[in-house]
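# Analysis of the macromolecular model
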Amino acid sequence: MFDKTIVLVTPWFGRFAGGVESQARSMARELVRRGLSTVVFTTCSSSPFDSWWDDHYSPGRYTIDGVDVRRFATDKNRSGYLSAVRKLQKQIPLSPEEQNDFFDCGLNSKELIAAVKTVLDDRHEIIALPYFYGLTHSLLQTYPGSISLIPCFHDEEQFYWQQSRELLRNAKHVFYNSPEEKEMTIREHGLAVGRRVVEGVVTGEGVELTACEEDDEERASKHLPGSYFVYVGRKDSGKNVSLLCEWFAAYAQTSPKAAKLVFMGGGDDSLVSKNDYFIDLGFVPEATKRRVISGSRALLNLSEQESFSLVLMEAWLLGTPVVVSATSPVTKGHVQRCNGGLFVANQDEFCAALEFLEANEAMRERLARNGQTYV
């Protein structure tokens, strides 16, 4: 049996906060279930949807889902990060110093980084994720060559910065979520960083539908029409939610069955247009989420910023096909490998895909079975 304690370092833990946070939580829970000594180092911040610089939790030691969790206060200097984000929103290039501020003054914790020194020995194996937050950069910069990295890279501006290249240089090992993430990293950083990037392992993610309490079936179904599609996850501009609404509205105007699009998850509610085509359930219990997904015609996800996409796997396990963006290498790669859905490049293809899925129940079931086998 593996005789080291695994230390996972991640910005948030214990509350749903997106795909990366779900990955960290399921990983820790599964390691413990299999009898491996595991501890999580995280911050006192509540979630990415709340202020990163406010300590929602008290520093200290907690037990969450049977996992030993240690929380540390966040750094309070936010001005450099906010200034960098304002420039990014205006598409103004950042100087190297401003790129440093984006990470250093974002979500960070000097107290956590100092505490990691106490587990920097042969009895512990430390893994940090993801790359996008300053905590991970500061950690690997402080202890170069000692900490492994699950980067969760997306094809976005920050991936191409020098800071991401230095992060890879400082990593002990690199673990990828998908072949496409690895190929992208080799293409951009492999020549500069070398074997550590090229020899990194595609570990993927563990996927399972854990036991959960039954929901109130009548209450869960009362807002649902007879025919609907579903989006699950963070409502965020980076997830192409506005584009999804635009394309679906074009489809719904011509749909003979007056299909609806049901949203589940947190984030920016203003991105979902206020019209009869959309139903926004917000956060729902796990059992309700599963019931809604399994009853849908397909799960729709046009996000291009994915390193794995756990929600696709959940949809396939629940017997539902998917529709993804042809410009997302990761989600398109999943669909191509298993033939578990359709990928679309424009509005016309999107509308044709939804019309095809609505009209062909046998094909929906076949695509879903393919995806289920793949998972």
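Residues numbered from 1 in each chain as written. Predicted model: local features only at pLDDT ≥ 70, side-chain atom pairs only at ≥ 80, totals over all residues. Heavy atoms only, no water.

Look at helix α15 (residues 361–374): 20 Å from first C-alpha to last across 14 residues, which is about the 20 Å you get at 1.5 Å a residue. Taken together, the buried residues of α15 touch α12 (310–317), α13 (329–338), β14 (341–344) and α14 (347–359). (Helix = DSSP H or I, 4+ residues; strand = E, 2+ residues; numbered from the N terminus. Expected span 1.5 Å × (residues − 1). Contact = heavy atoms within 4.5 Å.)

Pairing within the open sheet is mixed, and its six strands lie in the order β3-β4-β2-β1-β5-β6. Two strands bound the open sheet, and with one partner strand each, they are β3 (60–64) and β6 (148–149). Relative to strand β2 (residues 38–43), strand β1 (residues 5–9) runs parallel, the two being bridged by four bridges. When the bridges of β2 are listed, Val 9 appears paired with Phe 41. Docked against the sheet, helix α5 (residues 134–142) engages β1, β2, β5 (124–128) and β6, running at close to 140 degrees with respect to β5. (Pairing = 2+ DSSP bridges. Axes fitted to C-alpha atoms, helices over the stretch in contact; angles between N-to-C directions.)

Bringing the nonpolar core into the picture now. Counting residues in each nonpolar core, the largest one holds 29 residues, and the members touching the most others are Val 9, Phe 41, Val 116, Leu 139, Leu 140 and Ile 147. Apart from residues lying up to four places away in sequence, Ile 147 is in contact with Val 116, Ile 126, Ile 127, Ala 128, Leu 139, Leu 140, Asn 170, Ala 171, Lys 172 and His 173. If you look at the next biggest cluster of nonpolar residues, it comprises 28 residues, including Phe 229, Val 272, Phe 350 and Leu 357. (Core = buried A, V, L, I, M, F, W, Y, C linked by side-chain atoms within 4.5 Å. Buried < 20%, exposed > 50% of the residue type's maximum accessible area, 1.4 Å probe, protein only.)

All told, the structure shown has 27 aromatic pairs when counted by the stated rule. Centroid distance Phe 41 to Phe 72: 5.4 Å. Interplanar angle 40 degrees. Geometry classified as tilted. Pair noted here: Phe 41 is in strand β2 and Phe 72 is in strand β4 (residues 67–72), with a separation of 31 residues, a long-range link. Among the residues examined, Phe 41 registers a relative accessible area of 1% and is labelled buried. (Phe/Tyr/Trp six-rings, centres within 6.5 Å; stacked < 30°, edge-to-face > 60°.)

This next bit is on the pattern of salt bridges. As enumerated under the stated definition, the model contains 23 salt bridges in all. A salt bridge links Glu 188 to Arg 165, with the shortest nitrogen-to-oxygen separation between them at 3.7 Å. On the criterion of sequence distance, the pair formed by Glu 188 in helix α7 (residues 179–193) and Arg 165 in helix α6 (residues 162–170) is long-range, its members being 23 residues apart. The exposure class of Glu 188 is partly exposed, given its relative accessible area of 30%. Of the residues examined, Arg 165 reaches a relative accessible area of 19% and is grouped as buried. Residue Glu 166 is joined to Arg 169 by a salt bridge in which the shortest nitrogen-to-oxygen separation is 2.3 Å. One end of the pair, Glu 166, and the other, Arg 169, are both in helix α6, three residues apart, so they sit about a helical turn from each other. Since its relative accessible area comes to 32%, Arg 169 is described here as partly exposed. Each of Glu 286, Lys 289, Arg 290 and Glu 314 takes part in salt bridges that share partners, so that together they form one network. (Salt bridge = Lys/Arg side-chain N within 4 Å of Asp/Glu carboxyl O.)

Omega for the peptide link from Leu 129 to Pro 130 comes to -10 degrees, which places this bond in the cis form. The residue Pro 130 is located in the loop between β5 and α5 in this model. Despite not being glycine, Gln 91 shows a phi value in the positive range, around 60 degrees. Here the phi dihedral of Cys 152 falls at roughly 55 degrees; this positive angle occurs in a residue that is not glycine. Turning to its location among the elements, Cys 152 is positioned in the loop between β6 and α6. On the basis of relative accessible area, Cys 152 is assigned to the buried category, the value being 2%.

As a further point, take the pairing of β1. Counted residue by residue, β1 has five buried out of five residues, so it is predominantly covered. Taken together, the five bridges between β1 and β5 define a ladder with parallel strand orientation. Within β5, the residue paired with Ile 6 across the bridge is Glu 125.

Glancing now at the state of the cysteines. Joining two cysteines, a disulfide is a covalent bond between their sulfur atoms. Here the structure, examined in full by the defined rule, presents zero disulfides. Cysteine Cys 44 is unpaired, with the sulfur of Cys 105 as its nearest cysteine sulfur at 19 Å. You can call Cys 44 buried: its relative accessible area is 0%. Counting only cysteine sulfurs, Cys 245 is the nearest neighbor of Cys 351, a cysteine outside any disulfide, at a range of 13 Å. (Disulfide = S-S within 2.5 Å.)

This model, assessed by the stated rule, comprises one cavity of 30 Å³ or more. Its volume calculated, the largest cavity comes out at about 70 Å³. The wall of the largest cavity is formed by Phe 153, His 154, Asp 155, Glu 180, Glu 181, Met 184, Glu 304, Glu 306, Ser 328, Pro 329 and Val 330. Every element with two or more residues in the lining of the largest cavity is listed here: α7 and α13. A class-by-class count of the residues in the lining of the largest cavity yields four nonpolar, two polar and five charged. (1 Å grid on protein atoms, 1.4 Å probe; cavity = no way out; pocket = protein on both sides within 12 Å on 5 of 7 lines; lining within 4 Å. Points joined across faces, edges and corners; volume = space filled by probe spheres on them. Nonpolar A, V, L, I, M, F, W, Y, C, P; charged D, E, K, R; others polar.)

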